[in-house]
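# Analysis of the macromolecular model
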Amino acid sequence: MVAAVTVGLSACSSSDEGTARAGVENETTAASTSAGDASSAPPDSSASEQEITPPGTTLKVGETATVPYRYGESEGTIAITVTDIVKGEKGDLADFGDDAEGLVPFFVKYTVENVGGTDLAYSSLNLQAVASDGDYTGVFVTGDVEGKCVTASADADFSTAGASDESCSVQAAHPGRAGAAFDRDDYSDDPVVWMK
């Protein structure tokens, strides 16, 4: 298992915890073609019927954000529901080394639904940790905590409207309450945030 923690502080931050932009995995996938018909069917029209959650929205755990999503060459619409934010134990970060000293682990559990029916098979999503004031924690975590929180890519069948997957993102913060943020693409400057 590869595990890493990076702490970044910004001199411009108004928070003692600092801010940092965290990277999100972006894997490439092989394009698939439809057998039998040269033109692929358009994505399910239900995506156009869904109201897109505006950037900067703050939600409670259990509420859903519907957002545009790009993965490789595919562009679709997904619905993200943060189902729980669980505070871990200090020992959960033991494999992350000295950089994790003094940090509290948080396990962000969430479901993702393919709203638009775009082929997003094998796509991945990683929600970022935010402090109780909504600012980034200044901590970037890569890795899993076996038995407690493992990030999973979407299954092969995540290519139709209504397909859903569950995942978990290991995050860390300085002691205090933490939330989660979706900060990809159109949301990079003003993320959707979930607080418990």
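The following refers to the structure shown.

Each value, and the rule that gives it
- Residues numbered from 1 in each chain as written.
- Predicted model: local features only at pLDDT ≥ 70, side-chain atom pairs only at ≥ 80, totals over all residues.
- Heavy atoms only, no water.
- Helix = DSSP H or I, 4+ residues; strand = E, 2+ residues; numbered from the N terminus.
- Buried < 20%, exposed > 50% of the residue type's maximum accessible area, 1.4 Å probe, protein only.
- Contact = heavy atoms within 4.5 Å.
- Areas by Shrake-Rupley, 256 points an atom, 1.4 Å probe, with all protein chains shown as cover.
- Pairing = 2+ DSSP bridges.
- Axes fitted to C-alpha atoms, helices over the stretch in contact; angles between N-to-C directions.
- Disulfide = S-S within 2.5 Å.
- Salt bridge = Lys/Arg side-chain N within 4 Å of Asp/Glu carboxyl O.
- Core = buried A, V, L, I, M, F, W, Y, C linked by side-chain atoms within 4.5 Å.

Now for the overall build of the protein chain. Assigned secondary structure in the protein chain consists of 1 helix and 10 strands. Listed by position from the N terminus, the elements making up the protein chain come as β-α-β-β-β-β-β-β-β-β-β. Here the protein chain holds 196 residues, and 44% of them are scored as buried. For the protein chain, the proportion of contacts with a sequence separation of at least 24, taken over those separated by at least 6, is 73%. For the protein chain, the computed accessible surface area is about 10000 Å², with 46% contributed by carbon and sulfur atoms.

With that out of the way, let us pick up the environment of glutamate 101. Looking at where glutamate 101 falls in the secondary structure, it is placed in the loop between β4 (74-87) and β5 (104-114). For the pair glutamate 101 and glycine 91, spaced 10 residues apart in sequence, the C-alpha separation works out to 10.0 Å.

Our focus in this paragraph is the sheet that holds strand β2 (residues 58-60). Strand order in the open sheet formed by 4 strands is β2-β10-β9-β6, and the pairing between neighbours is mixed. Of all the strands in the sheet, just β2 and β6 (128-131) have a single pairing partner and so form its edges. Each strand axis lies, on average, 35° off the axis of its neighbour in the sheet, ignoring direction. Of the pairings in the sheet, the one linking β2 to strand β10 (residues 192-195) comprises 3 bridges and is parallel in character. Opposite threonine 58, over in β10, you have valine 193 as the bridge partner.

The subject of this paragraph is the state of the cysteines. Working definition of a disulfide: a covalent bond connecting the sulfur atoms of two cysteines. Enumeration according to the criterion identifies 1 disulfide in this entry. The partner cysteine of cysteine 149 in its disulfide is cysteine 168, sulfur to sulfur 1.9 Å. Around the S-S axis, the bridge from cysteine 149 to cysteine 168 shows a dihedral of about -105° and counts as left-handed. Note that cysteine 149 is positioned in the loop between β7 (139-142) and β8 (164-173) and cysteine 168 in strand β8, a separation of 19 residues in sequence. Neither residue differs from the other here; cysteine 149 and cysteine 168 are each classed as buried.

Along the chain, the position of serine 169 falls in strand β8. When residues no more than four places from it in sequence are discounted, the contact partners of serine 169 are Phe106, Phe107, Val108, Tyr110, Asn126, Leu127, Cys149 and Thr151.

All right, on to the sheet that holds strand β3 (residues 64-71) then. Sheets are built from strands that pair by backbone hydrogen bonding, the pairs being arranged parallel or antiparallel. Within the open sheet, the 4 strands sit side by side as β3-β4-β5-β8. Their pairing is antiparallel. At either end of the open sheet lies a strand with only one pairing partner, and these are β3 and β8. Averaged over all adjacent pairs, the angle separating strand axes in this sheet is 35°, with direction ignored.

Turning to the pattern of salt bridges, a few remarks are in order. This model, assessed by the stated rule, comprises 3 salt bridges. A salt bridge links aspartate 84 to lysine 196, with the nearest nitrogen and oxygen atoms 2.9 Å apart. Of this pair, aspartate 84 sits in strand β4 while lysine 196 sits in the segment after β10, placing them 112 residues apart in sequence. Aspartate 92 is the salt-bridge partner of lysine 148, the closest N and O atoms lying 2.8 Å from each other. Of this pair, lysine 148 sits in the loop between β7 and β8 while aspartate 92 sits in the loop between β4 and β5, and the two are 56 residues apart along the sequence.

Moving on, we come to the nonpolar core. Formed by 27 residues in total, the largest nonpolar core has its most connected members in Ile78, Ile80, Val82, Leu125, Leu127, Phe182 and Trp194. Listing elements by their share of this core, those giving two or more residues are β3, β4, β5, β9 (178-182) and β10. It is β5 that contributes the most residues to this core, 5 residues altogether. With near-sequence residues (within four places) excluded, isoleucine 80 lies in contact with Glu63, Thr64, Ala65, Val67, Thr111, Leu125, Leu127, Phe182 and Trp194. Within the second largest apolar cluster, 12 residues are counted, among which are Leu93, Leu103, Val170 and Ala172.

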